[in-house]
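Here is what each chain is made of, one letter per residue.
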Amino acid sequence: MYNGLVRFILPAVIGALIGGGGVAYLHRNDVTAAAGLRAASAADTGGAKDNLDALRADVARLKTNAPSQSHTMSDVGYHWTNLWFAAEKKNWPLAQFYFGESRAHILWTIQLRPVRKGPDGNDVNLVPIFESIDTSAFKAVADAIQSQNSTAFSAAYRETLQACYGCHKSAGLPYLRPEVPTEPAQTIINLDGAATWPQ
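So, how was this worked out
Residues numbered from 1 in each chain as written. Predicted model: local features only at pLDDT ≥ 70, side-chain atom pairs only at ≥ 80, totals over all residues. Heavy atoms only, no water. Salt bridge = Lys/Arg side-chain N within 4 Å of Asp/Glu carboxyl O. Helix = DSSP H or I, 4+ residues; strand = E, 2+ residues; numbered from the N terminus. Buried < 20%, exposed > 50% of the residue type's maximum accessible area, 1.4 Å probe, protein only. Axes fitted to C-alpha atoms, helices over the stretch in contact; angles between N-to-C directions. Parallel < 35°, antiparallel > 145°, perpendicular 65-115°, else oblique. Left-handed = near helix turned anticlockwise from the far one by under 90°. Contact = heavy atoms within 4.5 Å. Nonpolar A, V, L, I, M, F, W, Y, C, P; charged D, E, K, R; others polar.

K.L.:
Can you break down the pattern of salt bridges residue by residue, with the values?
P.N.:
Within the structure shown, the criterion is met by 6 salt bridges. Linking Asp53 and Arg56 is a salt bridge whose minimum nitrogen-to-oxygen distance equals 3.9 Å. Taken together, the residues Asp53 and Arg56, both in helix H2 (residues 45-65) and 3 residues apart, mark about one turn of the helix. Given the relative accessible area of 33%, Asp53 is considered partly exposed. Between Asp58 and Arg61 there is a salt bridge, with its nearest N and O atoms 3.8 Å apart. Highlighted residues: Asp58 and Arg61, both in helix H2, separated by 3 residues, approximately one helical turn. Overall, the relative accessible area of 38% leaves Asp58 in the partly exposed class.

K.L.:
Can you explain the packing of helix H3 (residues 69-88) against helix H4 (residues 92-112)? Please cite residues and give values.
P.N.:
Contact geometry of H3 with H4 gives a least axis separation of 8 Å together with a crossing angle of 165°. Here H3 lies roughly antiparallel to H4, going by the angle between them. As H3 packs across H4, the resulting crossing turns out to be left-handed. Across the interface between the two elements, Gln69, Thr72, Met73, Asp75, Val76, His79, Trp80, Asn82, Leu83, Ala86 and Ala87 from H3 touch Trp92, Leu94, Ala95, Tyr98, Phe99, Glu101, Ser102, His105, Ile106, Trp108, Thr109 and Leu112 from H4. A per-class count over the contact of H3 with H4 returns 14 nonpolar, 7 polar and 2 charged.

K.L.:
Can you explain unusual backbone geometry? Please cite residues and give values.
P.N.:
Leave glycine aside and you will find that most residues have negative phi; peptide bonds, for their part, are mostly trans. Residue Pro198 is reached from Trp197 by a cis peptide bond, and omega for that bond is -5°. Residues other than glycine seldom take positive phi values, yet Lys90 does so here, at roughly 60°. Within the element layout of this structure, Lys90 appears in the loop between H3 and H4. Despite not being glycine, Gln148 shows a phi value in the positive range, around 55°.

Dropping the structure here:
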């Protein structure tokens with residue numbers, strides 16, 4: 001009987017000690033953290049001003065390191081070119097990938113500089129222009145990929161090039177005239193959906 005009590009009571013006592021120690025540890029950390037917060041809030045405003053100045057300097061540095069719109073649009077051209085050839089090969093999963101990358105990089109481009117100066121010197125807000133393209137021409141491309149319809153894809157692709165050119169003209173860049181590509185942007189990706197190598 002004594003052994004039975006030891007086997008039952010000893011684990012319970014050990015568990016209570018461990019649990020109590022854990023609660024005490026957490027309480028001590030909460031008290032220490034609260035004291036630290038009180039000390040930080042009681043600190044002079046010079047420290048806060050230094051932090052704000054450092055934050056402003058970091059933001060300014062990040063702005064100068066951000067890529068230009070021409071950089072991100074080069075990515076768009078790369079993906080949009082490969083999209084044409086993936087669809088031509090009827091490699092619809094790859095076409096979906098390149099379409100998604102193209103769209104994501106256009107959104108990145110707009111995030112970098114949502115408003116440009118037009119040829120007349122007035123602001124051109126790229127956000128509503130892209131929203132219009134996204135819900136019309138881009139949607140037609142996405143639908144053609146989803147339905148795996150080559151004829152609809154070809155028409156939607158060309159319609160999107162026209163819509164993109166409209167955006168270029170609005171932004172005062174009429175010399176950036178897109179066209180249907182004649183060769184893939186790169187040759188390391190096999191566009192053939194039936195390719196068997198590498199495994």
